[in-house]
Every structure is written in C-alpha cells, then in structure tokens.
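Residue strings, one per chain:
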Protein chains: 2
Amino acid sequence: MDFMIRAATPEDCKDISRMIMELAVYENMPDQVKISHEGYTVIGYALFFYTYSTWKGRSVYMEDLYVMPEFRGEFPGKGVGTALMSKVAQVGKEQQCVRLQFSVLNWNTPSLDFYKAKGAQDLTDSEGWHVLRFDGEALDKLAQMAPKN
Amino acid sequence: MDFMIRAATPEDCKDISRMIMELAVYENMPDQVKISHEGYTVIGYALFFYTYSTWKGRSVYMEDLYVMPEFRGEFPGKGVGTALMSKVAQVGKEQQCVRLQFSVLNWNTPSLDFYKAKGAQDLTDSEGWHVLRFDGEALDKLAQMAPKN
C-alpha cells in the first residue's frame, strides 16, 4: 500500500473529525468527544504541539496518533502509524525538540507494545509520573480563588 | 505573610532558574537539569502553556509549580502554591481553556494530597493514562525513519 504523510489543510477537517471520534471509540470514551462532523480519503492523523520542559528545553507533544483499522499493521517498511509518528519526531527535531511525549491508556497493550518496540520509555512505570486534571466545577472554583492583583 | 502573583519578566530569570533546580532536587532528579544560574527575591513560580485536546478543546498545562520550602504551608487564605495555581486556572479560563492538567510523581504524596484536596482528579488512577517518551538515540532513530515526502 502506498500512502503519503503531509500537513493537514482546512479541507481535511471532515476526515480528521471523523477519525477523532473513531479514536475515542477505540479508547472506550466516545462520550467524551464534544465536537462533530462526517466524510473521507484521509486514513490517519497525528496531532501534535510544542511544550516546554524547564529541565530539558523544547519538547514536542503528540496529542493523538490514529490509523483507521483497515490500514493498521506493519507492511514491510510501510506502517502508517510508524510513518506518522516518525514525521512528528522529524519535525520536532527540526524545531530543536529534545523529546517527544504522549499518553497511552494502560489497557491499550497493542499501542504500548508498538511504542516500546520503537524505543519509547513508560515514565509512569519507570519514574511514577501520574497525570492530574482540574475541569468543570473544580476548575471554576480554583480560578475563583485567584488573588485579584 | 503578604505576597503578589505576577507574570514573570526577563529580570526574574535568575530566581526562576534557581527554583527550577530546587524543584528538581525536591523531585529527586537534580541531575536532569541541564540549564543553570543563581540569585533571589522571588519565592515561587508556576510555568504553564496551552495545549489542545481533540475531545474537549483548548487546555492549559502547568509544567511546574514550585514554592520555596520556608514559604510553603497554608497561611489562612494565603497559601502561595494555591494562589499560583489559581492564577494559572484563572488565566486559562480567560483563554477559554476547559481544563488544567499537570503531572505529579506517585511518591510525592504531600503534593498529590494538596491537588486532590482542591478537586483535581488523578487520571492515571481513574482512567489508566501513562506518560511515554522518546528522547536521545530513540528519538533520533525515530526521526530518521520519517518518509521523505
């Protein structure tokens, strides 16, 4: 199978929003998606942005990596997921990033195995990092406590 | 004790870099800090940036929250850490963020208790999110696998 990795354009929005929902279904949390749309021709996507580590400097964070089920798996040297993730790493390195981070659900062993086989470290296992979040009322309440100055 | 929460300026760099090292010492990973400096008058800092969730929209990520040991603890309505974090939440809400996220080490129970008491959820415990990372040679190798197009 031949495929091309390219930056998204506004015309891709339909395909991307469809796959955002497919990814959420895969992660068993479809109810959490609060945006919508419909369509096709694009078969996968990686969404990333830059973050900053006060210890190491600029980093790239891969928020989503998704490939439609029928296009998953490793064709010889042709895996779509690997190609997408490699492209994020390449773009990140060009932008002086010293690391690529992302989050994976602990029951998602196919993905965990895939990433680890490529050399990723699980920082929750090795160093004990937990992800915490304020949202909804807890976030509102916290914001209201801010000093006025 | 009186204190003020304000945006950092270039003049704060000495204080901030000192506290970045103090935070790394607290987190038992001082060797990981690859930047340096020395100084004083500023007693804490919060470093944050914006991220994006394809499920929920704009989010704010608090990379670091640090208060010097002698200024920790809850003065009545005057906790420095709470004030710093609340300010991040307030600024985030003003920028239409629907959540505030950050990472905490699992052995750091004083901090975990502090955040949970304010209403934060531990997503690693509740949903199973693990943090993964490529860096060093693994990142180089990954970037080199990117398709040429």
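Residues numbered from 1 in each chain as written. Chains lettered and ligands numbered in written order. Predicted model: local features only at pLDDT ≥ 70, side-chain atom pairs only at ≥ 80, totals over all residues. Heavy atoms only, no water.

Asks: Quick rundown of the sheet that holds strand 5 (residues 129–135) of chain B? Include the residues and the values.
Replies: With respect to topology, five strands assemble into an open sheet ordered 1(A)-2(A)-3(A)-5(B)-4(A), the strand pairing being mixed. Among the strands making up the open sheet, the edge pair consists of strand 1 (44–53) and strand 4 (121–122) of chain A. Across the sheet, helix 2 (residues 80–94) of chain A is in contact with strand 1, strand 2 (57–67) and strand 3 (99–105) of chain A together with strand 5 of chain B; its angle to strand 2 of chain A comes to roughly 160°. Packing of helix 3 (residues 109–117) of chain A onto the sheet brings it into contact with strand 2, strand 3 and strand 4 of chain A together with strand 5 of chain B, and relative to strand 3 of chain A it is tilted by some 160°. (Pairing = 2+ DSSP bridges. Helix = DSSP H or I, 4+ residues; strand = E, 2+ residues; numbered from the N terminus. Contact = heavy atoms within 4.5 Å. Axes fitted to C-alpha atoms, helices over the stretch in contact; angles between N-to-C directions.)

Asks: Summarise the environment of A:Met19; cite the residues concerned and give the values.
Replies: All names here are of chain A. Note that Met19 resides in helix 1 (residues 13–26). Expressed as a C-alpha distance, the spacing of Met19 and Tyr66, which sit 47 residues apart in the sequence, is 7.2 Å. Ignoring any residue separated from it by four or fewer positions in sequence, one finds Met19 in contact with Val42, Ile43, Gly44, Tyr45, Tyr66 and Met68.

Asks: How would you summarise the sheet that holds strand 2 (residues 57–67) of chain B if you had to cite specific residues and measurements?
Replies: As a general point, the strands of a sheet are linked pairwise by backbone hydrogen bonds and lie either parallel or antiparallel. Strand order in this open sheet of five strands is 1(B)-2(B)-3(B)-5(A)-4(B), and the pairing throughout is mixed. Every other strand in the sheet has two partners, leaving strand 1 (44–53) and strand 4 (121–122) of chain B as the edge strands with one partner each. The pairing of strand 1 of chain B with strand 2 of chain B spans 10 bridges and is antiparallel. Looking at the pairing, B:Ala46 lines up with B:Leu65 of strand 2 of chain B. Helix 1 (residues 13–26) of chain B rests against strand 1 and strand 2 of chain B of the sheet, and its axis sits at about 85° to strand 2 of chain B. Strands in contact with helix 3 (residues 109–117) of chain B are strand 5 (129–135) of chain A together with strand 2, strand 3 (99–105) and strand 4 of chain B; relative to strand 3 of chain B, the strand with the most contacts, it is inclined by about 160°.

Asks: Now, about the pattern of salt bridges: what can you tell me, with residues and values included?
Replies: Applying the stated criterion across every chain, the model contains four salt bridges over all chains. Between A:Lys93 and B:Asp140 there is a salt bridge; the shortest N-O distance is 2.4 Å. Residue A:Lys93 is found in helix 2, and its partner B:Asp140 is found in helix 5 (residues 136–144); the two belong to separate chains. Looking at A:Lys93, the relative accessible area reads 35%, which means it is partly exposed. (Salt bridge = Lys/Arg side-chain N within 4 Å of Asp/Glu carboxyl O. Buried < 20%, exposed > 50% of the residue type's maximum accessible area, 1.4 Å probe, protein only.)

Asks: Quick one: what's the story with the pairing of strand 2 of chain A, residue by residue and with numbers?
Replies: Residues and elements named next belong to chain A. With nine of 11 residues buried, strand 2 lies mostly within the body of the structure. If you look at the hairpin formed by strand 1 and strand 2, you'll find three residues sitting between the two strands. Two elements, strand 2 and strand 3, share three bridges in a ladder whose sense is parallel. From the neighbouring strand, Val60 faces strand 3, where its bridge partner is Leu100.

Asks: Please give an account of the interface of chain B and chain A that cites residues and values.
Replies: On the side of chain A, 70 residues touch chain B, which itself brings 70 residues to the contact. Counting each side, the surface lost to burial between chain B and chain A is near 7,000 Å², with a carbon and sulfur contribution of 59%. Together, B:Trp55, B:Leu132 and B:Arg133 form the three largest contributors to the area buried by chain B at its contact with chain A, with a combined 14%. Along the contact surface separating chain B from chain A lie two salt bridges. Looking at the side of chain B that touches chain A element by element, the count peaks at eight residues for helix 2 (residues 80–94) of chain B. A per-class count over the side of chain B that touches chain A returns 38 nonpolar, 17 polar and 15 charged. Pairing between strand 5 of chain A and strand 3 of chain B: seven bridges, direction antiparallel. (Buried area = accessible area lost by both parts, 1.4 Å probe. Nonpolar A, V, L, I, M, F, W, Y, C, P; charged D, E, K, R; others polar.)

These figures capture arrangement, not role.
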